[in-house]
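Results of the structural survey
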Amino acid sequence: MKKILLASALMFSAFSFAQIDFRSTRFGVKAGGNYSGVKNAHNPSGPRYSFQAGVLALIPMGKENQFFLQPEILYYGAGETGKDKNAKGVDGYNALYANDYISVPVFFKGYFSEDESEFFGMVGPRFNFLISQKTENAPLTRPYYDHNVTDPAYPEISGKANSFNFGVGVGIGYSYKRQLELSVNYDFGLSNTYPKLKETWTKSADTGKSKSEQVLSVSLSYIFE
């Protein structure tokens, strides 16, 4: 909560010193691929490949055509699998721990110049709201329990994901005529994805640490005139 309040205070301070022109807001659509993992969670641990898709708004900040606020609303796939390249054949290698969210990032976006076609950078908080969680082929540590189901009554087994996650994202990209944009983003989770996950089920000594969900993504945006 303290991290959320601090991020909100920083954003409010930035807005106080910037002239935001909501009347000139442009809207767009965005889609891309996600490469995700969860640190200190399951063992074996490998990446999950998923996608994101949704809408964005581009809101000018200041009179120059260079700095913007870019909030987004996205379907956002994350989580992990057991496909560690060094764990082939190990119990849990075919596991899937899929977390799907409605994600609301709020980026401060700056183009490197006022040119129509230009590189840009972006940074800001990301708020993830869990809409579904799926677990398949989790390691069998108790033969009488079905590990293909995430049971809320037994969150220590495969981990009941938090209904809300908070993180910070950074990215860089290229804009073609301020309309078609390609970007690469890295999102680092600051909250604990699986707060009740137990070491006895994950077979990992790191389970007691905070389980940070991290996502590398490549996306394409189209911004309407």
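How each quantity is defined
- Residues numbered from 1 in each chain as written.
- Predicted model: local features only at pLDDT ≥ 70, side-chain atom pairs only at ≥ 80, totals over all residues.
- Heavy atoms only, no water.
- Helix = DSSP H or I, 4+ residues; strand = E, 2+ residues; numbered from the N terminus.
- Buried < 20%, exposed > 50% of the residue type's maximum accessible area, 1.4 Å probe, protein only.
- Contact = heavy atoms within 4.5 Å.
- Polar contact = N/O pair within 3.5 Å; in protein donor to acceptor, adjacent residues only side chain to side chain.
- Salt bridge = Lys/Arg side-chain N within 4 Å of Asp/Glu carboxyl O.

It is worth spelling out the environment of Leu 190 at this point. By the secondary structure assignment, Leu 190 is in the loop between strand S7 (180-189) and helix H2 (199-202). Leu 190 gets classed as partly exposed once you look at its relative accessible area, which sits at 29%.

Its place among the elements puts Asn 165 in strand S6 (residues 164-176). A sequence separation of 37 residues divides Asn 165 from Asn 128, and the C-alpha atoms of the two residues are 5.0 Å apart. Residue contacts for Asn 165: discarding those within four places in its chain leaves Tyr 101, Arg 126, Phe 127, Asn 128, Ser 191, Asn 192, Thr 193 and Glu 213. One polar contact links Asn 165 to Ser 191, side chain to side chain, over a distance of 3.0 Å.

Glancing now at the pattern of salt bridges. Pairing between side chains of opposite charge can happen when the charged atoms of each approach one another. Under the counting rule described, the total for this entry stands at six salt bridges. The partner of Arg 23 in a salt bridge is Asp 21, and the shortest N-O contact between them spans 3.7 Å. Across the pair Glu 181 and Lys 109 runs a salt bridge whose closest N-O atoms are separated by 2.5 Å. One end of the pair, Glu 181, is in strand S7; the other, Lys 109, is in strand S4 (residues 96-111), with 72 residues separating them in the sequence. For Glu 181, a relative accessible area of 3% translates into the label buried. On the basis of relative accessible area, Lys 109 is assigned to the buried category, the value being 0%.

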